[in-house]
Amino acid sequence: MKRRDFIRNTALTAAGVLGMPYILPTGRLFAASGARMVNHVVFCLFAGGIRNLESVQKAEGNLMRGLLNGNESITPDIANSIANLPAPVNAALQGSGTLFKQFRYLNGPSGHYNGHTTALTGRYTDNSLSLLERPPFPTLFELYRKHSTPDKSALNAWWISHTNELYPILNYSTYPGYGPLYGANQLSPTSFFSGPGYQAFGNPLQHNAATQLELEKMKTFLNGGFKGSGSASGSGISNPAEDQVKIMAFMDKMFQELAAGQHTNPWGLAPGVMNGDMRNVFYAEKVMQEFKPELMVVNMFGVDVCHNNFTNYCDNLRRADWAVNHLWNTIQNTPGMANDTVLIIAPEIGRNGTANSIKDQNGRGGLDHTTDDAMSRELFGMVLGPSGVVQQNKVVNTVYGESIDIVPTIAKVLGFDTELEVTLPGQFLQEAFV
Amino acid sequence: MKTLLSTFILLLLLSSCKKEIENVYAIDPVYVSQSGQKNNLKSDLQFVSIAYSDLFGQQISVQELNALLAGYNSVGDKALVIDLIIRNLLVKPGIIKSTQQDMQNDPDAFIDATFERFFVREANEMERWYFGNSIKANSQLLPEDIYYALMSAEEYRHY
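Residues numbered from 1 in each chain as written. Chains lettered and ligands numbered in written order. Predicted model: local features only at pLDDT ≥ 70, side-chain atom pairs only at ≥ 80, totals over all residues. Heavy atoms only, no water.

All names here are of chain A. The mixed open sheet is built from eight strands, whose spatial order is S4-S3-S5-S1-S6-S7-S2-S8. Two strands bound the open sheet, and with one partner strand each, they are strand S4 (185-187) and strand S8 (394-402). Geometrically, the sheet is characterised by an average inter-axis angle of 20 degrees between neighbouring strands, direction not taken into account. Sheet analysis places strand S1 (residues 40-45) next to strand S5 (residues 295-299), joined by five bridges and oriented parallel. Within S5, the position partnered with cysteine 44 by the bridge is valine 298. (Pairing = 2+ DSSP bridges. Helix = DSSP H or I, 4+ residues; strand = E, 2+ residues; numbered from the N terminus. Axes fitted to C-alpha atoms, helices over the stretch in contact; angles between N-to-C directions.)

On to the packing of aromatic side chains. Residue and element names in this part refer to chain A. Counted under the stated rule, the structure contains 34 aromatic pairs over all chains. Relative to tyrosine 167, the ring of tyrosine 113 lies with its centre 5.8 Å away and its plane at 65 degrees, an arrangement referred to as edge-to-face. In this pair, tyrosine 113 sits in helix H3 (residues 112-121) while tyrosine 167 sits in the loop between strand S3 (157-160) and S4, placing the two residues 54 residues apart along the sequence. Taking relative accessible area as the criterion, tyrosine 167 reaches 6% and is therefore assigned buried. Seen in terms of ring centroids, phenylalanine 193 and phenylalanine 250 are 6.4 Å apart; in terms of plane orientation they differ by 85 degrees. Their pairing is edge-to-face. Residue phenylalanine 193 is located in the loop between helix H5 (189-192) and helix H6 (195-201), and its partner phenylalanine 250 is located in helix H8 (residues 241-259); the two are separated by 57 residues in the primary sequence. Among the residues examined, phenylalanine 250 registers a relative accessible area of 2% and is labelled buried. Over the ring of tyrosine 172 we find arginine 134; its NZ or CZ atom is 3.5 Å from the centre of that ring. (Phe/Tyr/Trp six-rings, centres within 6.5 Å; stacked < 30°, edge-to-face > 60°. Buried < 20%, exposed > 50% of the residue type's maximum accessible area, 1.4 Å probe, protein only. Lys NZ or Arg CZ within 6 Å of the ring centre and 35° of its normal.)

One frequent convention defines the size of an interface as the accessible area lost when the parts assemble. Residue and element names in this part refer to chain B. When its domains are assigned, chain B resolves into domain 1 (40-96) and domain 2 (97-153). Centre-to-centre, using C-alpha coordinates, domain 1 lies 21 Å away from domain 2. The partner domain 2 presents eight residues to the 10 residues of domain 1 that form the contact. When the buried surface of domain 1 facing domain 2 is broken down by residue, Asp54, Leu90 and Ile96 rank first, second and third, together holding 49% of it. On the surface where domain 1 and domain 2 come into contact, there are zero salt bridges. Taken together, domain 1 and domain 2 are joined by five residue pairs in polar contact (both at pLDDT 80 or more). Among the elements of the structure, helix H2 (44-56) and helix H4 (78-89) are those that each provide at least two residues to the side of domain 1 that touches domain 2. At four residues, H2 tops the list of elements feeding residues into the side of domain 1 that touches domain 2. Partitioned by chemical class, the residues of the side of domain 1 that touches domain 2 number seven nonpolar, no polar and three charged. (Domains from an automatic or database assignment. Contact = heavy atoms within 4.5 Å. Buried area = accessible area lost by both parts, 1.4 Å probe. Salt bridge = Lys/Arg side-chain N within 4 Å of Asp/Glu carboxyl O. Polar contact = N/O pair within 3.5 Å; in protein donor to acceptor, adjacent residues only side chain to side chain. Nonpolar A, V, L, I, M, F, W, Y, C, P; charged D, E, K, R; others polar.)

Right, let's talk about unusual backbone geometry for a bit. Note on backbone geometry: most residues besides glycine have negative phi, and most peptide bonds are trans. All names here are of chain A. Cis geometry is adopted by the peptide bond preceding proline 150, which originates at threonine 149 and carries an omega value of 0 degrees. In this structure, lysine 292 takes a positive phi of about 45 degrees despite not being glycine. The residue lysine 292 is located in the loop between helix H9 (276-291) and S5 in this model. Residue lysine 292 is classed as partly exposed on the basis of its relative accessible area of 31%. Unlike most non-glycine residues, asparagine 339 shows phi in positive territory, near 55 degrees. Turning to its location among the elements, asparagine 339 is positioned in the loop between helix H10 (310-332) and strand S6 (341-346). By relative accessible area, asparagine 339 is classed as exposed at 61%.

Next up on the list: the state of the cysteines. All names here are of chain A. Within this structure, the stated rule accounts for zero disulfides over all chains. Cysteine 44 takes part in no disulfide bond, and the closest cysteine sulfur to it belongs to cysteine 306, at a distance of 18 Å. On the accessibility criterion, cysteine 44 (0% relative accessible area) is buried. Here cysteine 306 is not disulfide-linked; the sulfur of cysteine 314 is the nearest cysteine sulfur, at 7.1 Å. Residue classification places cysteine 306 among the buried residues on the basis of a relative accessible area of 0%. (Disulfide = S-S within 2.5 Å.)

And the structure:
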């Protein structure tokens, strides 16, 4: 073959290969169009069980000045028993989006884990849901990672849970075809970045680049000669090596800041005010600033103290509200996420209409959340985002929106809704969007 | 008559003196000759406990185990957190380790001892040669670096 013919044929073959339709693993031709509304979504599960009475209906005054407009004074007995908080860093967030005052958790047991699972899978649960097992249907994280184009690494999907018990397993499901391969990076920062955590994990053996390379070679050599069965990477999600290096560097940085006292009171609040919810949001902000994930879910839980202390419930509601306001401020001050992020806020369940027999320091009765109580199914919801995407300063007073609508809404916002292989029962929250 | 006499003598011999059998019970070191014989994956709890025992020569305390497991449960990427556990254990005071000088002076002895300690088997010739060369060629390598390499390998996750 002449050289000129060879070059021509090679060029034609290359052009043909490049021009051929690419069949994706999902079976469709070409990549998804990915008509995204924004490139980042943060979902804040304002969890622990909140009644609309104390939130959007302001029965005890405006306890949520970070989210809700208004200066309604707080009921005197509560006001005298709660922490002194500075004014929120931003104006009330409802001005930056749409508030749903009659959101619903319509079906399934009104337990925290059920509520979380519903919010993260877009499906109601029933009594068969085991607290010790992963969700039976794909989570938001798996749907996002499996059906986004191009592929998304777990560095783009984070689940920041308030505790390292029970809730961490919500980062992926047992559903066939999904699972850890598409799960989120889960982190329970208040347990990990703590005094005991620092003692156990804060001072690892460090290697310079040359030694690290040598050790990697040794490991490869040893693994090459190993013929045992079973893989050690079978438990949990697994980041590629280069992403693990980034996560380790982030952890090292957090531990150094922790040891230097920079995490003791990072928001400059009065001593003792920063509670677990605030700390969880603080570390979610750190993850956000470091990795700028496209999808992050962070939860709070402090209001669940309401089972035995109504006054502290109101106090923790205020702190959680303050933290979410701070979160939005950080989003708007993080390059790459500012004006390109939708923040969705919703409790997972409500609480009962009538008090239990446990009285607090002010004689207020505690509140449980039982399945047969209608008020434990009444929530609020809020969607914030850029003015060209999200309806600003809008309030929906009628019954509109359910917990199961959050997953399909995020799917549409991030442009993978048309790629889903499973049918979701919920609806896109159209009322919130332009 | 002759047969009867022979039988009588035989019975007498058998019943007269019986050799006393002395049973000796001891544990001999058993080395697995090939890594391929390890087919069971250690559970994470087993892994942490065994890693601690291998490094410190004693059982991990409940308090320390709880601290490690709390961290383990706080991070979704288990391979990453296991690596962190190993690297943190390797700098704690009290681990049993050779000196760098001993390692450099007699790499073969160090390699044999290290493989027996962590892999519960003898190093094969190829491994002895490979690690011997690495130790000689990299004067900055510390014994704990070699421990780290072995503890990070797939074989160490199995028994």
